[in-house]
Amino acid sequence: MAANIALTAGPESCKTGTAITTPINSDISGVKGMLLHPLSILLICLPLGVISEYVQWGPTCVFFFNFFALVPLAKILGDATEELAEGLKNDMLAGLLNATFGNAVEMVIMVNTLRAGLISMVKATLLGSVLSNLLLVLGMSFFFGGIVGHVKKKKLGSDSKALPTSDKEAEEDETEFVQEKVQSFSKLNAMTNTSMLLLACLSFSLVTVFYSQAAEAAGVPKEEMEELLLPVSRFCSIIIMMAYAAYIFFQLVTHKEASAEESSGGGDDEAEEPRVSIPCAIAVMITCTFVVAYASDLMVNSLEGVVENAHISSHFIGIILLPIVGNACEHASAIRFAVMDKPGLSIGIAVGSSTQISLFVVPFAVLAGWVLDKPMDLNLGSLNTTAGVSSHVLLPDCGHSVLVPARRRCSPPTRMTG
């Protein structure tokens, strides 16, 4: 929570010793809190990325400078979204806001990539975002949450002074390796997310199977098959987004209290006040969105040159590198909450982010391609679909021993990471 900045209000205030906290100074303090983060040092890459574009340093420099600049920008955009959600004081609007703008960076990159006509890169990036959350982030959360404990220890003074008058003694947080650790959480949101993921996986698989069978068995030419896939993919995307709307309605209306109880980790923590005002949060979001759009446009325009000059596969860039941009802060948060014995929040971040990408960002990409007149469909290819289905099937299978029970043990690393 941002500390209030007290300023004297004039001579009279100086005489009486009173102080007034102005909203402007509170906003400045809140924005400073967003910027004063270790990741913000990467913002130096933003002007370097712009300079490298205009002085012709090469596509490799343009790509990596803007790539690293997008990581802190995604963090600032996420912080501004959370501050706006807290300032609205409305659970429905806050939930919709987080659900819509939670993957804003991925959506901006996706639109710029679609405009450049790199359809295969868009599909690889969306698949990589889902796989990184389901396999890497969730596996690391289970692993570190099972072997690392976040405990509070009392501070012991070096001298024999009088004890404090308050009953609560000073405590400090420490992390240490533990054995036989068991974590507890509610299973409602976890199983809801896995069910919605399987629904999205079914839609993607049906389109790919339809393409494979019709192209091979019926002997339909590839060009004609792609034209047939577009209306099918667009219709499926509308159905998926309707399912996502029902999922949001389930979380924010019909099962609002149950979802909120799990999201809070079952604790009694009081709701924090927003560090910035609503207009300031909106201004930060708009500014950051424009900067993200410009930096991602420079990065996308240099993709083909990077593939040719740096000898990096386009699939590696799409599946491995680009998902890091928008998910780096979420990855760190999921692991941190798991170590702090908040497995409900950790699983909600990892699996919930995959659910948003599968049910919202992927169909949004298809509909955006429709608007931009780009042949974006749900045919991810046989190999990519197999990888996606395997990860989606692995999650419920692992859930029989991890997600379904209300208590979670540290499973072997090979099982958790797939």
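From a predicted model like this one, the values you see are computed outputs, not experimental measurements. (Residues numbered from 1 in each chain as written. Predicted model: local features only at pLDDT ≥ 70, side-chain atom pairs only at ≥ 80, totals over all residues. Heavy atoms only, no water.)

**Observations regarding unusual backbone geometry**
- Although it is not a glycine, glutamine 56 adopts a positive phi angle of roughly 60°.
- Tracing the sequence through the fold places glutamine 56 in the loop between α3 (45-54) and α4 (59-88).
- Of note, the phi angle at aspartate 373 is positive, near 60°, even though the residue is not glycine.
- Here aspartate 373 shows up in the loop between α14 (343-371) and α15 (382-399). (Helix = DSSP H or I, 4+ residues; strand = E, 2+ residues; numbered from the N terminus.)

**Things to note about the packing of aromatic side chains**
- Enumeration over the complete set of coordinates arrives at eight aromatic pairs.
- Ring centres of phenylalanine 63 and phenylalanine 67 lie 6.0 Å apart, and the angle between their planes is 20°; on these two criteria the pair is classed as stacked. With phenylalanine 63 and phenylalanine 67 both in helix α4 and four residues apart, this pair spans about one turn of that helix.
- Note on phenylalanine 67: relative accessible area 5%, which makes it buried.
- Ring centres 5.3 Å apart and planes at 80° place the aromatic pair phenylalanine 67 and phenylalanine 68 in the edge-to-face group.
- Within the aromatic cluster, the residues linked to one another by ring pairs are Phe63, Phe64, Phe67 and Phe68. (Phe/Tyr/Trp six-rings, centres within 6.5 Å; stacked < 30°, edge-to-face > 60°. Buried < 20%, exposed > 50% of the residue type's maximum accessible area, 1.4 Å probe, protein only.)

**Notes on the packing of helix α6 (residues 104-115) against helix α7 (residues 119-147)**
- Across the interface, α6 lies against α7 with an axial gap of 8 Å and an inter-helix angle of 160°. Judged on the interaxial angle alone, α7 and α6 are roughly antiparallel. In this structure, α6 meets α7 at a crossing whose hand is left-handed. Side by side, α6 and α7 meet where Glu106, Met110, Thr113 and Leu114 of the first sit next to Ile119, Met121, Val122 and Ser129 of the second. (Axes fitted to C-alpha atoms, helices over the stretch in contact; angles between N-to-C directions. Parallel < 35°, antiparallel > 145°, perpendicular 65-115°, else oblique. Left-handed = near helix turned anticlockwise from the far one by under 90°. Contact = heavy atoms within 4.5 Å.)

**Observations regarding α3**
- For α3, the full list of buried residues reads Cys45, Gly49 and Ser52. Around the axis of α3, the buried residues are gathered within 65° of arc, so they sit on the same side.
- For α3, the secondary structure elements touched by its buried residues are α4 and α11 (278-301).
- Within two residues after α3, glutamine 56 carries a phi angle of roughly 60°, on the positive side. (Arc of directions from axis to C-beta.)

**A look at the confidence of the model for the protein chain**
- Of the residues in the protein chain, 69% reach a pLDDT of 70 or more, and the chain-wide mean stands at 74.
- Within the protein chain, no element has a lower average pLDDT than strand β1 (residues 6-7), which sits at 38, and none a higher one than α3, at 90.
- This model gives residues 404-418 a pLDDT under 50, and the stretch forms 43 contacts once residues within four places in sequence are excluded. (pLDDT = per-residue confidence, 0-100.)

**Here's the deal with empty space enclosed by the protein**
- Taken as a whole and assessed by the stated rule, the structure comprises four cavities of 30 Å³ or more.
- Of the voids in this model, the largest cavity is the one considered here, and its volume is about 150 Å³.
- In terms of lining, the largest cavity is formed by 15 residues, of which the most central are Leu127, Phe204, Leu380, Gly388 and His392.
- Mapped by element, the contributors of at least two residues to the lining of the largest cavity are α7, α8 (188-216), α14 and α15.
- Among the elements that line the lining of the largest cavity, the one with the most residues is α15, at five residues. (1 Å grid on protein atoms, 1.4 Å probe; cavity = no way out; pocket = protein on both sides within 12 Å on 5 of 7 lines; lining within 4 Å. Points joined across faces, edges and corners; volume = space filled by probe spheres on them.)

**Some points on the side chain of serine 40**
- Among the secondary structure elements, serine 40 is positioned in the loop between α2 (23-35) and α3.
- For serine 40, a relative accessible area of 14% gives the class buried.
- Those residues in contact with serine 40, other than ones at most four positions away along the chain, are Met34, Leu35 and Pro72.

**A look at α11**
- Taking 1.5 Å as the rise per residue, α11 with 24 residues should run 34 Å; its terminal C-alpha atoms sit 34 Å apart, in good agreement.
- Looking only at α11, the buried set comprises Cys280, Ala281, Val284, Met285, Cys288, Val292, Ala295, Ser296, Leu298, Met299 and Val300. (Expected span 1.5 Å × (residues − 1).)

**Notes on the pattern of salt bridges**
- Applying the stated criterion across every chain, the model contains three salt bridges.
- The closest approach of N and O atoms between aspartate 79 and lysine 75, which form a salt bridge, is 2.7 Å. A residue pair is termed a helical-turn pair when its members lie 3 or 4 positions apart in one helix, as aspartate 79 and lysine 75 do in helix α4 at four residues.
- Taking relative accessible area as the criterion, aspartate 79 reaches 15% and is therefore assigned buried.
- Classification of lysine 75 as buried rests on a relative accessible area of 11%.
- Among the salt bridges present, the one from aspartate 377 reaches lysine 123, with a minimum N-O distance of 2.7 Å. With aspartate 377 in the loop between α14 and α15 and lysine 123 in helix α7, this residue pair connects regions lying 254 residues apart in the sequence. (Salt bridge = Lys/Arg side-chain N within 4 Å of Asp/Glu carboxyl O.)

**Quick word on a nonpolar patch on the surface**
- Taken together, Ile51, Tyr54, Val55, Trp57 and Tyr294 make up a surface patch of nonpolar side chains, about 530 Å² in accessible area.
- The residue tryptophan 57 is located in the loop between α3 and α4 in this model. (Patch = residues over 30% accessible without salt bridge, like charges linked within 9 Å, V, L, I, M, F, W, Y side chains within 5 Å. Areas by Shrake-Rupley, 256 points an atom, 1.4 Å probe, with all protein chains shown as cover.)

**A closer look at the side chain of serine 205**
- Summarising the element assignment, serine 205 is placed in helix α8.
- Dropping the residues within four chain positions of it, serine 205 is found in contact with Thr385 and Val389.

**Some remarks on the packing of α3 against α4**
- Contact geometry of α3 with α4 gives a least axis separation of 8 Å together with a crossing angle of 155°. The angle between α3 and α4 falls in the class roughly antiparallel. The chirality of how α3 crosses α4 is left-handed. Counted together, Cys45, Leu46, Leu48, Gly49, Ser52 and Glu53 of α3 and Cys61, Val62, Phe65, Asn66, Phe68 and Ala69 of α4 form the full contact between these two elements.
- The residue makeup of the contact of α3 with α4, split by class, is eight nonpolar, three polar and one charged. (Nonpolar A, V, L, I, M, F, W, Y, C, P; charged D, E, K, R; others polar.)

**Digging into the environment of glycine 139**
- Structurally, the position occupied by glycine 139 is in helix α7.
- For glycine 139, a relative accessible area of 0% gives the class buried.
- Along the chain, glycine 139 and isoleucine 335 lie 196 residues apart, while their C-alpha atoms are 9.4 Å from each other.

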